[in-house]
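Residue strings, one per chain:
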Amino acid sequence: MTLKKLDADPSTLETVLEELKSDESNRNKINFILFLANNDPTTNRSWCPDCVRAEPVIYKTLEESAEEVNVIRAYAGDRPTWRNPVHPWRVDPRFKVTGVPTLVRWDGDSVKGRLEDHQAHVPNLIRPLLAPST
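- The protein is annotated in an unreviewed UniProt entry as Thioredoxin-like protein Clot from Brassica cretica.
- You can read under Sequence similarities (unreviewed entry) in the UniProt record for the protein the words "Belongs to the thioredoxin family."
- We quote the UniProt Function (unreviewed entry) comment for the protein here in full: "Probable thiol-disulfide oxidoreductase that may participate in various redox reactions."

1. A few points about the nonpolar core
Here's step 1: Core analysis: the largest hydrophobic core is formed by 38 residues, its most contacted members being F32, I33, F35, I58, L62, F95 and V100.
Here's step 2: Per element, the largest residue contribution to this core is six residues, and it comes from strand β2 (residues 30-36).
Here's step 3: Not counting the four nearest positions on each side in its chain, I33 is found in contact with L17, I72, A74, F95, T102, L103, V104 and W106.

2. Let's talk about the sheet that holds strand β1 (residues 3-8)
Here's step 1: Read from one edge to the other, the open sheet built from five strands follows the order β1-β5-β2-β6-β7, with strand pairing classed as mixed. Since the sheet does not close on itself, it has two edges, and those belong to β1 and β7 (110-115), each with one partner. Strand-to-strand, the axes of this sheet are offset by a mean angle of 25°, without reference to chain direction.
Here's step 2: In the packing of helix α2 (residues 49-63) onto the sheet, the strands contacted are β1, β2, β5 (69-75) and β6 (102-107), and the crossing angle to β2 comes to about 170°.

3. Digging into the pattern of salt bridges
Here's step 1: For the structure on display, the rule yields nine salt bridges.
Here's step 2: Between R73 and D7 there is a salt bridge, and its shortest N-O distance comes to 2.7 Å. With R73 in strand β5 and D7 in strand β1, the pair connects residues that are 66 residues apart, well separated along the chain.
Here's step 3: Its relative accessible area of 44% is what places D7 among the partly exposed residues.
Here's step 4: We note a salt bridge from R53 to D50, for which the minimum N-O separation is 3.6 Å. Of this pair, R53 and D50 both sit in helix α2, three residues apart, roughly one helical turn.

4. Here we look at the packing of aromatic side chains
Here's step 1: Enumeration over the complete set of coordinates arrives at three aromatic pairs.
Here's step 2: With centroids separated by 5.0 Å and ring planes inclined at 65°, the aromatic side chains of F35 and W89 adopt a geometry described as edge-to-face. Of this pair, F35 sits in strand β2 while W89 sits in helix α4 (residues 88-91), placing them 54 residues apart in sequence. Of the two residues, F35 and W89, neither departs from the other in class, the shared state being buried.
Here's step 3: Grouping aromatic residues by their ring pairs yields a cluster made of F35, W89, F95 and W106.
Here's step 4: The side chain of K5 reaches across the aromatic face of Y59, ending 4.0 Å from its centre.
Here's step 5: Taking the ring centre of W82 as reference, the NZ or CZ of R90 above it sits at 3.9 Å.

How each quantity is defined
Residues numbered from 1 in each chain as written. Predicted model: local features only at pLDDT ≥ 70, side-chain atom pairs only at ≥ 80, totals over all residues. Heavy atoms only, no water. UniProt positions renumbered as here; feature names shortened; annotations may be inferred. Core = buried A, V, L, I, M, F, W, Y, C linked by side-chain atoms within 4.5 Å. Buried < 20%, exposed > 50% of the residue type's maximum accessible area, 1.4 Å probe, protein only. Helix = DSSP H or I, 4+ residues; strand = E, 2+ residues; numbered from the N terminus. Contact = heavy atoms within 4.5 Å. Pairing = 2+ DSSP bridges. Axes fitted to C-alpha atoms, helices over the stretch in contact; angles between N-to-C directions. Salt bridge = Lys/Arg side-chain N within 4 Å of Asp/Glu carboxyl O. Phe/Tyr/Trp six-rings, centres within 6.5 Å; stacked < 30°, edge-to-face > 60°. Lys NZ or Arg CZ within 6 Å of the ring centre and 35° of its normal.

If you want it as structure tokens, here you go:
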């Protein structure tokens, strides 16, 4: 159906999540957060090869869904920023991100499903995250 992409970084993610939650038009949509590496300014491609591989597969799979979907592209930063053991998304108990890309199904205030970096490029693992919440 439709896929709406929103962008965030460690300083803006909370605001984007609050806006998503407060917007009535999102009540029946499935929400995801896709934690990604930033693009390298010298190549204009992500410094993370797993992100380069997974990102188009994730978008294509979500776009093929019959559901209305929002995906927040949460950019973790450059390699040194992401490698910092106290990166905000590594230490946030809601996310506990250990690698990028990580795709999480976000229902209001919590993670309802996730795919880690080594799984995020597999359509057959992405599709079950689109199932209705119970």
